[in-house]
Protein chains: 2
Amino acid sequence: MNERAIVYRKMNGFSDDWGTAVNVQAMVFGNMGDECATGVAFTRNPATGEHIFFGEYLINAQGEDVVAGIRTPQQITLAGSRKWAEDHNVSEEDRKAKYPSLEEYMPEVYENLCNIYKKLELHYHDMQDIEFTIENRKLWMLQTRNGKRTAAAAVRIAVEMVDEGLISKDDAIMRVTPDQINQLLHPQFIKEEKKKASLFTKGLPASPGAATGQIVFDADDAAAWRAEGKGTILVRLETSPEDITGMVAANGILTGRGGMTSHAAVVARGMGKCCVSGAGELVIDAAAKTVAVKGTVLKEGDWISIDGGTGEVLLGKVATEEPKLDGDFETLMRWADNRRVLKIRTNADTPKDAATARRFGAEGIGLCRTEHMFFEGERIKAIREMILADDLEGRKTALAKLIEHQKNDFLGIFEEMRGLPVTVRLLDPPLHEFLPSEPKQITEMAEAMHTSEEKIYKKIAELHEINPMLGFRGCRLGNIYPEITEMQTRAIVEATCELTQKGVKVFPEIMIPLVGKHEEFEYQEKIVRETAEKVFAEKGINVEFMVGTMIEVPRGALTADEIAEHAEFFSFGTNDLTQMCLGYSRDDAGKFIKDYLAKKILAVDPFQSIDQDGVGQLVEIAAKRGRKTRPNIKLGVCGEHGGDPASIDFFHRCGLNYVSCSPYRVPIARLAAAQAAINNDVVREIKQTVEDAYSKAESAAKDAYSKAESGLKNLKETLENSEELKKGVEGAKKLFGDIKNKFKKD
Amino acid sequence: MNERAIVYRKMNGFSDDWGTAVNVQAMVFGNMGDECATGVAFTRNPATGEHIFFGEYLINAQGEDVVAGIRTPQQITLAGSRKWAEDHNVSEEDRKAKYPSLEEYMPEVYENLCNIYKKLELHYHDMQDIEFTIENRKLWMLQTRNGKRTAAAAVRIAVEMVDEGLISKDDAIMRVTPDQINQLLHPQFIKEEKKKASLFTKGLPASPGAATGQIVFDADDAAAWRAEGKGTILVRLETSPEDITGMVAANGILTGRGGMTSHAAVVARGMGKCCVSGAGELVIDAAAKTVAVKGTVLKEGDWISIDGGTGEVLLGKVATEEPKLDGDFETLMRWADNRRVLKIRTNADTPKDAATARRFGAEGIGLCRTEHMFFEGERIKAIREMILADDLEGRKTALAKLIEHQKNDFLGIFEEMRGLPVTVRLLDPPLHEFLPSEPKQITEMAEAMHTSEEKIYKKIAELHEINPMLGFRGCRLGNIYPEITEMQTRAIVEATCELTQKGVKVFPEIMIPLVGKHEEFEYQEKIVRETAEKVFAEKGINVEFMVGTMIEVPRGALTADEIAEHAEFFSFGTNDLTQMCLGYSRDDAGKFIKDYLAKKILAVDPFQSIDQDGVGQLVEIAAKRGRKTRPNIKLGVCGEHGGDPASIDFFHRCGLNYVSCSPYRVPIARLAAAQAAINNDVVREIKQTVEDAYSKAESAAKDAYSKAESGLKNLKETLENSEELKKGVEGAKKLFGDIKNKFKKD
């Protein structure tokens, strides 16, 4: 129950209740002279995934000396040792004399070790992290376990092991966590920017990625600065398990001592955190809070950048860019795509976002928020004019100014997503969000709009709500002001007609937000369909489109059967559904959620991963009732949970058609959906087995029945030919008749 | 579809879709000379319910002349005529000559009319409102219908008709609407206050009750003044259906012309609105907006008071008091109490409210809100001190100042409710509600508490929430600050122990608000039980108490099975459940609910009557799942819906144990609960019939089976004794064996 154990468990999602086992075992010693050694090795390179034996050892040392990075360890293989010498400007002569590889130093032990590591990998079907000690030239294996690896290594190892016939494609998909995909998508330094930066020093490329931050020298400081929103690089001579909190908080880790298997390197790789280890030139004065290399002195708060892929440490901030994803990644994702059942869409409001998401494999837009389009330049003026208008005419005049802008937005997005469905949500937020709040802005707005400040203040007061989350928003806007729905529908349908006429395939899905009663939906749907008909007549073309709704109000979920009478699709707005089902305002609940997590009243933040037992019930109810009314209803999820692996597993089990998430989470969702399919195939297999058994039993029963039938037929024929039996049967018949008559009398 | 029809339908809750029928019929004439007449009569007095024939007629007139009140009508009965003359200072001579009763004027027609009205009442088993015309001494009945009546009359007629053997007790219960009970509970003038007031004039006691308001002369003005929050008395020469909107808006109605059956009188009685009609002394100048009686001139905006029970019109405001409820009322309520299944509790936070509710028949307190106790004098200071405290010690010091106050409150309430259960809800509202918002108040608070304004402003900012409804409130307070729960529990349990030691029976039910997860409940329950144990040890006595929760968060309803593992009772907080299930902030939704009702998206305001299809599902789910875990769990409703008749019917059908409402609605709820029981007995009867049929069929089947069995037994015995059959059976056995062997081979 010490802090380091608690932080480690929290980081890995282990419950504090599970307990810890203790092993009692005999000792062997690696520190009884030069015939002894100790080492740590990986059966493949844990940083890159390359299929080479990779490890370090120390002569006359204990295992913890290697892990702690107190002495610079030697390489196990000759090839590794030569590369190391080259990197460290050590001559071949010196290397052989001072830093020989184990392959050279104890060839027979090395051969033994090689046989064992191959056997272990073959047995476990996974890359192994092994620890060994040599006591007087006798090899003792201390431990083997599946090795921690970088995301890139995880992908490469998984794909190569399939090629080697070691594991199946399903195994490969399960070997990479969605979190690791997230790491792969992390930015890298922009090459040109990096070239401009000055090199401070170089260390080992312990955990890839790029990180920029302000220097801190203490793990607690890293945590404190993070709490203030500052990104840091934690600079330490070496790290120990006590530093875990700070390592989680820092953007990156830089150590002066320790190899690729040091504590800093192993832990950082596990976290997917950028790390440069063993930068031996660093002179760190933790007390004075300075770090120097040859006279260049940096102090706490100075900016540095580290490249975990090369080991470079650069002065100042260096701009980053998106990573290029390699062939193994593409291969694995292709396998995942073939395996998953859920479609993956994206939440995108601009052609740019749509393009990014499509590049990441999105199969449509699940949520295109139209209100974001209202904030730019001319548009905000028009929407404000609409809000300030005193009557319908005034609102219509203002909306007329918006329609061209809206249409152009849709032309751009639809074209980018050609051939794929795009769900457009009609105006959703409370109108006050479009008005300024600062006096200065209000004065400016009054001037720009040739109106009085008083009028604006009055409107702001009028629109003020105690609980805007539960106020005048969603389809309530379009139901009170149908002209907004008309304008938006016109923009969507006109864009669709024009692109269709140009030969671009467009599949718009018009989504009515915040529906709680089927009457609300029908009121909106009527406006949408009537407006569309008008546009069709004007344009001389008919296009297909769907009208559906968000299920985000508990009542909407509970009455989904009624809503599905008219709605062609449901998209679960699990953010709002969580807010209303739990009674947690997302804007306000942060404080008590934190405390609830600490007190274990909550196991997980319900805004990060869907509350399956509560909110999930509403999703299941709505899916079931929606399908009962309309068996082919399209069901999806938009909102943050669409990119969360645990939630994706749940949505797969609910049998939804797709999830939609932000562009950068699309690959994560693709993998998570495949894993959900594999995980839940176990259930399917059990079901299949039962079904198989049932159908076997059924056909056996049919068989037996037909045999019995033919047997009976034979029996009947025989009986018919037997005189004695005939008499008996007649007697029995008579008796039956008597009994029947007796019944009738009674 | 004219305005008057629309308002009338809205007032009576009739849909606009239902349509109106038109009758085409022959005419008879009451205005063809002095051998003709027309009249309106009630088979019992519609104002008091007294069992006397009561009506007015006009010689040589059409029916509408009576209703419109253009001429002062004459009385039908001799007794009525004499009383009228006395009231109007008309000599017996004059009366006979100028205003003879129908009984005197056309005795044979009168006798005929009496026979008919008795037949009609006997036929319809209800008091009739009849219209007739006499054409040349021949009586024509134009119409009969169940007569509108005052609430008092409804009660009296219902009770007396049971005594007369005309209707059953169930019929009597169904004859009085809960709305009428509400009228009976309306205030009356305080006698002493009334004595002090000067009489302006006197009219007819057309619709009982007491009303005070400012004079208006126009129905539209009454509506406009009401919109500004002003209570009015609508003063008119006579009213017509065009005035309905204004009559609804006014506190009371005063007319210068027209009898007890005039438009003003009939409509006001239907509405349960106080009305004085036919005050002939009034000189009304609607254009100048003045009304005068013998030189005393009142103008628009002047205050008057009218007594609908006596016909008095008084100058100025007269204070009112609660009505005394008579024996018939008690009788009817006793019948209702015997008939209903639901218990009726009250929402009360003070001993005074508790006493009122008990007088009205409350069977316990369903909701005692503890926060209301924090606002008085010293207490608000202590609670503010707690909120401003920086640490646990500071909060505990502040809470220590509150505990004696809280305990005294509970001592008072528990004693008032001795022998009955009292549900105490722990602190529920967001803490910012205890802090001031105006700068002046903040300055005062800072002075009073010897702290800086800055600190208060900082705390206000810290506690500010975007959506307080979904924020830091309910059990979240007690879970983050367990010391609040400790203090409140201690106050409740100490009060219970002390009263128990004095021999007062107390049944406290401690209610944890806003529970959405069973963990939240268990966390609070543990604090409550541990604190109670401490108090028991200190006081040397053990008392019984229950710990339960409010079900007001949708998640709480959906996971009621888990929550019921520990919670001993559920109280449905249908206000909040409605807010969250529908996503309607009660504070903000007024605007769009109005529009939704107009557009028929909503059929009824869900805060007035529970949304049975949506929120109702959650109540049903929670009741079912709660009972599955804990079959004897106590289920109730607190919140506005507990006093709404339609909602009460729903809660009865859900099988809840009780509803709780404000003290003045307790009698309404008692009657509504009885009506729900009667209404739903129809359903029960159908179920019973089906069950009866099923059990008959079952026993018939059993009978047939046992007869068949004994028949078969006979058959078997007979067969066993038949040599021929034995041979046949053996042959068959052999054949079977052959077939079996054949199967085995196959």
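Above: the structure in question.
Thresholds, definitions, all that
- Residues numbered from 1 in each chain as written.
- Chains lettered and ligands numbered in written order.
- Predicted model: local features only at pLDDT ≥ 70, side-chain atom pairs only at ≥ 80, totals over all residues.
- Heavy atoms only, no water.
- Helix = DSSP H or I, 4+ residues; strand = E, 2+ residues; numbered from the N terminus.
- Rg over C-alpha atoms; globule rule 2.2 N^0.38 Å.
- Buried < 20%, exposed > 50% of the residue type's maximum accessible area, 1.4 Å probe, protein only.
- Areas by Shrake-Rupley, 256 points an atom, 1.4 Å probe, with all protein chains shown as cover.
- Lys, Arg positive; Asp, Glu negative; His and termini not counted.
- Charge placed at Lys NZ, Arg CZ, Asp CG, Glu CD.
- Pairing = 2+ DSSP bridges.
- Contact = heavy atoms within 4.5 Å.
- Axes fitted to C-alpha atoms, helices over the stretch in contact; angles between N-to-C directions.
- Patch = residues over 30% accessible without salt bridge, like charges linked within 9 Å, V, L, I, M, F, W, Y side chains within 5 Å.
- Salt bridge = Lys/Arg side-chain N within 4 Å of Asp/Glu carboxyl O.
- Right-handed = clockwise from strand over helix to strand, strands pointing away.
- Phe/Tyr/Trp six-rings, centres within 6.5 Å; stacked < 30°, edge-to-face > 60°.
- Lys NZ or Arg CZ within 6 Å of the ring centre and 35° of its normal.
- Parallel < 35°, antiparallel > 145°, perpendicular 65-115°, else oblique.
- Left-handed = near helix turned anticlockwise from the far one by under 90°.
- Nonpolar A, V, L, I, M, F, W, Y, C, P; charged D, E, K, R; others polar.
- Arc of directions from axis to C-beta.

Okay, the overall build of chain A next. When helices and strands are tallied, chain A shows 30 helices and 26 strands. Its C-alpha radius of gyration of 35 Å places chain A more than 25% over the 27 Å reference for a compact globule of 746 residues. Its C-alpha atoms give chain A principal-axis dimensions of about 110 × 110 × 55 Å. Taken across its 746 residues, chain A has 52% of its residues classed as buried. Per element, the accessible surface of chain A, about 34,200 Å² overall, is 51% carbon and sulfur. Distance from the positive charge centre (98 side chains) to the negative charge centre (116 side chains) of chain A: 4 Å.

Residues and elements named next belong to chain B. With respect to topology, five strands assemble into an open sheet ordered β3-β2-β1-β4-β5, the strand pairing being antiparallel. Bordering the open sheet on either side are β3 (74–75) and β5 (138–146), each of which pairs with just one other strand. Bridging between strand β2 (residues 54–59) and β3 involves two bridges; their strand directions are antiparallel. Counterpart to Tyr57 in the pairing with β3 is Gln74. Lying over the sheet, helix α6 (residues 107–124) contacts β4 (128–135) and β5, oriented at roughly 25 degrees with respect to β5.

Residues and elements named next belong to chain A. A cluster of nonpolar residues, Tyr8, Met11, Phe14, Trp18 and Val248, forms a patch on the protein surface that exposes about 500 Å² of accessible area. Its place among the elements puts Tyr8 in helix α1 (residues 3–12). Look at Tyr8 and you get partly exposed, because its relative accessible area is 35%.

So, on to the sheet that holds strand β16 (residues 303–307) of chain B. All names here are of chain B. The eight strands lie next to each other as β7-β17-β16-β9-β10-β11-β12-β8, forming an open sheet whose pairing is mixed. Of all the strands in the sheet, just β7 (199–202) and β8 (204–207) have a single pairing partner and so form its edges. When the angles between neighbouring strand axes are averaged without regard to direction, this sheet yields 30 degrees. Pairing analysis gives three bridges linking β8 to strand β12 (residues 274–277), with the strands arranged antiparallel. Within β12, the residue paired with Ser207 across the bridge is Cys275. Across the face of the sheet, helix α11 (residues 219–227) comes into contact with β9 (210–216) and β10 (232–236) while running at roughly 110 degrees to β9.

This paragraph deals with the side chain of Glu121 of chain B. You can see Glu121 of chain B is positioned in helix α6. Not counting chain neighbours up to four residues away, the residues in contact with Glu121 of chain B comprise Thr43, Arg44, His51, Asp126, Met127, Gln128, Met161 and Leu166 of chain B.

As a further point, take the pattern of salt bridges. What the rule picks out here adds up to 117 salt bridges over all chains. Between Asp428 of chain B and Arg425 of chain B there is a salt bridge, with its nearest N and O atoms 3.7 Å apart. In the salt-bridge network here, residues are joined through shared partners; they are Glu404, Lys407, Arg490, Glu494, Glu498, Glu538 and Lys539 of chain A.

In this section: the pairing of β9 of chain B. All names here are of chain B. Extensive coverage of β9 is indicated by the burial of seven of its seven residues. Looking at chain direction, β9 and β16 are connected through five bridges and run antiparallel. Across the sheet, Ala211 pairs through a bridge with Ile306, a residue of β16. Inspection of the sheet shows β9 paired to β10 by three bridges, in the parallel sense. Paired with Val216 across the strands is Leu234, a residue of β10. Tracing the backbone out of β9, into α11 and back to the parallel element β10 gives a crossover that is right-handed.

So, on to unusual backbone geometry. Residues other than glycine predominantly adopt negative phi, and peptide bonds predominantly adopt the trans conformation. At Arg137 of chain A, a position not held by glycine, the phi torsion is positive, near 65 degrees. Along the polypeptide, Arg137 of chain A turns up in the loop between β4 (128–135) and β5 (138–146). For Lys294 of chain B, which is not glycine, the phi dihedral falls at a positive 45 degrees. Residue Lys294 of chain B is classed as exposed on the basis of its relative accessible area, which comes to 71%.

In total, this model carries 24 aromatic pairs over all chains according to the counting rule given. Judged by centre distance (5.7 Å) and plane angle (15 degrees), the ring pair of Phe410 of chain B and Phe414 of chain B falls under stacked. On the criterion of helical spacing, the pair formed by Phe410 of chain B and Phe414 of chain B is a turn pair, its members being four residues apart in helix α17 (residues 392–416). With a centroid separation of 6.0 Å and 70 degrees between ring planes, the pair formed by Phe472 of chain B and Tyr481 of chain B is classed as edge-to-face. We classify Phe472 of chain B as buried; its relative accessible area is 15%. Each residue in the set Phe472 and Tyr481 of chain A together with Tyr584, Phe592 and Tyr596 of chain B is aromatic and connected to the rest through ring pairs, giving one cluster. Taking NZ or CZ as reference, Lys230 of chain A lies 4.7 Å from the ring centre of Trp225 of chain A, over its face.

Take the environment of Pro323 of chain A next. Residue and element names in this part refer to chain A. For Pro323, the location among the structural elements is in the loop between β18 (320–321) and α14 (327–339). Classification of Pro323 as buried rests on a relative accessible area of 17%. For the pair Pro323 and Ala461, spaced 138 residues apart in the sequence, the C-alpha separation amounts to 48 Å. Among residues more than four places away in sequence, those in contact with Pro323 are Leu184, Leu185, His186, Pro187 and Gln188.

Attention shifts here to the packing of helix α7 (residues 151–163) of chain B against helix α14 (residues 327–339) of chain B. Residue and element names in this part refer to chain B. Between α7 and α14, whose axes approach to 9 Å, the crossing angle comes to 70 degrees. Between α7 and α14, the crossing angle belongs to the class labelled roughly perpendicular. Where α7 crosses over α14, the two elements pack in a sense that is left-handed. Taking contact as the criterion, the partners of Val155, Arg156, Val159 and Val162 in α7 are, on α14, Asp328, Phe329, Thr331, Leu332 and Trp335. In terms of residue class, the contact of α7 with α14 is made up of six nonpolar, one polar and two charged.

Because the α-helix completes a turn every 3.6 residues, residues three or four places apart line up on one side. Residue and element names in this part refer to chain A. Considered for burial, the residues of helix α3 (residues 78–87) that qualify are Leu78, Ser81, Trp84 and Ala85. Down the axis of α3, the buried side of the element spans an arc of 120 degrees, and every buried residue falls inside it. Opposite its buried face, α3 presents the exposed residues Ala79, Lys83 and Glu86, each directed more than 90 degrees away. One or two residues past the end of α3 sits Asn89, with phi positive at roughly 50 degrees.

With that settled, consider the side chain of Arg670 of chain A. Residue and element names in this part refer to chain A. As for its placement among the helices and strands, Arg670 is situated in helix α29 (residues 666–720). Residue classification places Arg670 among the buried residues on the basis of a relative accessible area of 9%. In this structure, Arg670 is in contact with Met333, Ala336, Asp337, Arg340, Ile344, Phe360 and Gly361, ignoring residues within four places of it in sequence.

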